[in-house]
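The lines below spell out each chain.
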Amino acid sequence: MADMRVSLITGGGAGIGAAVAATLAARGDVVVCADRDLAGAQRVAAEIGGTALEMDVTAPGAGDAAVRAVVAQHGRLDVVVTCAGIEKTGPAETLPADLVRTVLDVNVVGSFDVAAAACRQFAEQGDGGRIVLIGSVNSMIALPGQAAYAASKGSVLMLGKALAVDWAKYGVTVNVVAPGVTDTAMSAGSLGDPEKRATMMARIPMGRPAQPSDIADAVAFLSSEHAGYITGAYLPVDGGWLALG
Ligand SMILES: NC(=O)c1ccc[n+]([C@@H]2O[C@H](COP(=O)([O-])OP(=O)(O)OC[C@H]3O[C@@H](n4cnc5c(N)ncnc54)[C@H](O)[C@@H]3O)[C@@H](O)[C@H]2O)c1
């Protein structure tokens, strides 16, 4: 890895991606925030001294285009973190198949596409790279109404392992960070509802949701030189939720 890391964060315009961007910028990385919400990405980039890129991770060729743009601007790429994600819920018996496809497209194929583009760039550079995929506690457990989301996050878990196996030969590590319920727009509906919030907090030994910075700290470790022999791992950052079962 280079002395000055160049890091690309998808979904870097809000929530966990914005916190990852801020944490990696604070440690000295050159950070590119990529998001389909360009204004959000620009806002975060301005706050942290990074740059912004408009990117819909589901667009054909999006991964290669984003990596090309980063390399054109900054000369190389060292770290990719795939925070772009969506959650759609509803009773499985009436969940439209198209909606399931959309969730899988963003969360799984979108993560794969940019990871693969990054790996090709890492292989060309010849000095390895770090990829961190954002899974979820729902990579392991399902909650009611989560057929699409849990299927997508279970796939992200196995995607991380498969990529780790394939790309170790390039010196590329691939790991999955798995947030529990985290205080962002995505979970505002459930955390804002007192009854749902109480049910969730009862399942979390630490008794609080994660802050986006809690997730970012785990990503920072796995994308650093201190995690050189860790690949194919799944790291829950969940206040003990999965431990309670
Ligand atoms: N918030 C939680 O409780 C929680 C828990 C577990 C896992 N996660 C995961 O963490 C990741 C980030 O979630 P968050 O809570 O920050 O959500 P968020 O909604 O706050 O932010 C998601 C960001 O991704 C962007 N995005 C969505 N679809 C995109 C696309 N097609 N192309 C490019 N950008 C796109 C959005 O514009 C937004 O900026 C997601 O993968 C989510 O599933 C979140």
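Residues numbered from 1 in each chain as written. Predicted model: local features only at pLDDT ≥ 70, side-chain atom pairs only at ≥ 80, totals over all residues. Heavy atoms only, no water.

- Under the annotation held in an unreviewed UniProt entry, the chain carries the name SDR family oxidoreductase and is attributed to Nakamurella alba.

### Comments concerning the overall build of the chain
Link 1 in the chain: Scanning the chain from N- to C-terminus turns up nine helices and seven strands.
Link 2 in the chain: Dimensions along the principal axes, computed over C-alpha positions, put the chain at roughly 50 × 35 × 35 Å.
Link 3 in the chain: Taken across its 245 residues, the chain has 50% of its residues classed as buried.
Link 4 in the chain: In the chain, the proportion of contacts linking residues at least 24 apart, taken out of those at least 6 apart, comes to 69%.
Link 5 in the chain: Carbon and sulfur atoms make up 56% of the accessible area of the chain, which totals about 10700 Å².
Link 6 in the chain: Each charge class in the chain was averaged separately, 17 positive and 24 negative side chains, and the resulting centres sit 3 Å apart. (Helix = DSSP H or I, 4+ residues; strand = E, 2+ residues; numbered from the N terminus. Buried < 20%, exposed > 50% of the residue type's maximum accessible area, 1.4 Å probe, protein only. Contact = heavy atoms within 4.5 Å. Areas by Shrake-Rupley, 256 points an atom, 1.4 Å probe, with all protein chains shown as cover. Lys, Arg positive; Asp, Glu negative; His and termini not counted. Charge placed at Lys NZ, Arg CZ, Asp CG, Glu CD.)

### Concerning a negative patch on the surface
Link 1 in the chain: On the surface, a cluster of negative charge is made up of D37, E54, D56 and D105.
Link 2 in the chain: On the secondary structure map, E54 appears in strand β3 (residues 51-54). (Patch = residues over 30% accessible without salt bridge, like charges linked within 9 Å, V, L, I, M, F, W, Y side chains within 5 Å. Salt bridge = Lys/Arg side-chain N within 4 Å of Asp/Glu carboxyl O.)

### Considerations on the site of the ligand
Link 1 in the chain: The immediate surroundings of the ligand are formed by 29 residues, with I16, D35, Y149, T182 and T184 found nearest.
Link 2 in the chain: Within the backbone of V57, a nitrogen or oxygen atom sits 3.0 Å from a nitrogen atom of the ligand.
Link 3 in the chain: T182 has a polar backbone atom sitting 2.8 Å from an oxygen atom of the ligand.
Link 4 in the chain: Protein chains bury 92% of the 830 Å² of accessible surface belonging to the ligand in isolation.
Link 5 in the chain: Along the lines of polarity and charge, the residues of the shell around the ligand split into 14 nonpolar, ten polar and five charged. (Near = heavy atom within 4 Å. Polar contact = N/O pair within 3.5 Å; in protein donor to acceptor, adjacent residues only side chain to side chain. Nonpolar A, V, L, I, M, F, W, Y, C, P; charged D, E, K, R; others polar.)

### Thoughts on helix α2 (residues 38-48)
Link 1 in the chain: What α2 keeps buried is the set G40, A41, V44 and A45. Down the axis, α2 shows its buried residues gathered within 130 degrees of arc, on one side only. Exposed side of α2, more than 90 degrees from the buried face: R43, A46 and E47 are the residues found there.
Link 2 in the chain: Considering only its buried residues, α2 is in contact with α1 (15-26), β2 (30-35) and β3.
Link 3 in the chain: At the exit of α2 stands G49, carrying a positive phi of roughly 75 degrees. (Arc of directions from axis to C-beta.)

### Considering helix α5 (residues 147-167)
Link 1 in the chain: A rise of 1.5 Å per residue sets the reference length of α5, with its 21 residues, at 30 Å; its end C-alpha atoms lie 30 Å apart and thus fit the reference within 8%.
Link 2 in the chain: Structurally, α5 contributes buried residues whose contacts are with α4 (97-125), β5 (129-134), β6 (172-179) and β7 (234-237). (Expected span 1.5 Å × (residues − 1).)

### Overview of the pairing of β6
Across a regular strand the side chains alternate sides, sitting on one face of the sheet and then on the other.
Link 1 in the chain: Burial analysis of β6 places eight of its eight residues in the buried class, the great majority of the element.
Link 2 in the chain: In β6, alternate side chains face the same way, and those of V172, V174, V176 and A178 on one face and T173, N175, V177 and P179 on the other are all buried.
Link 3 in the chain: As paired strands, β5 and β6 are joined by six bridges and run parallel to one another. What sits directly across from I131, in β6, is V174.
Link 4 in the chain: Chirality of the crossover, the property in question, places the unit of β5, α5 and β6 among those that are right-handed.
Link 5 in the chain: Looking at chain direction, β6 and β7 are connected through four bridges and run parallel. Counted as the bridge partner of A178 is P236 from β7. (Pairing = 2+ DSSP bridges. Right-handed = clockwise from strand over helix to strand, strands pointing away.)

### Examining the pattern of salt bridges
Link 1 in the chain: One pass over the full model with this rule turns up eight salt bridges.
Link 2 in the chain: With a shortest N-O distance of 2.8 Å, E225 and R5 are connected by a salt bridge. Here R5 lies in the segment before β1 (6-10) and E225 lies in the loop between α8 (212-222) and β7, a separation of 220 residues in the sequence.
Link 3 in the chain: With relative accessibility at 11%, the residue R5 sits in the buried group.
Link 4 in the chain: Here D64 and R120 are joined by a salt bridge, their closest N and O atoms 3.1 Å apart. Of this pair, D64 sits in helix α3 (residues 62-74) while R120 sits in helix α4, placing them 56 residues apart in sequence.
Link 5 in the chain: Residue classification places R120 among the partly exposed residues on the basis of a relative accessible area of 47%.
Link 6 in the chain: Salt bridges sharing partners connect three or more residues here, namely R5, R27, D29 and E225.

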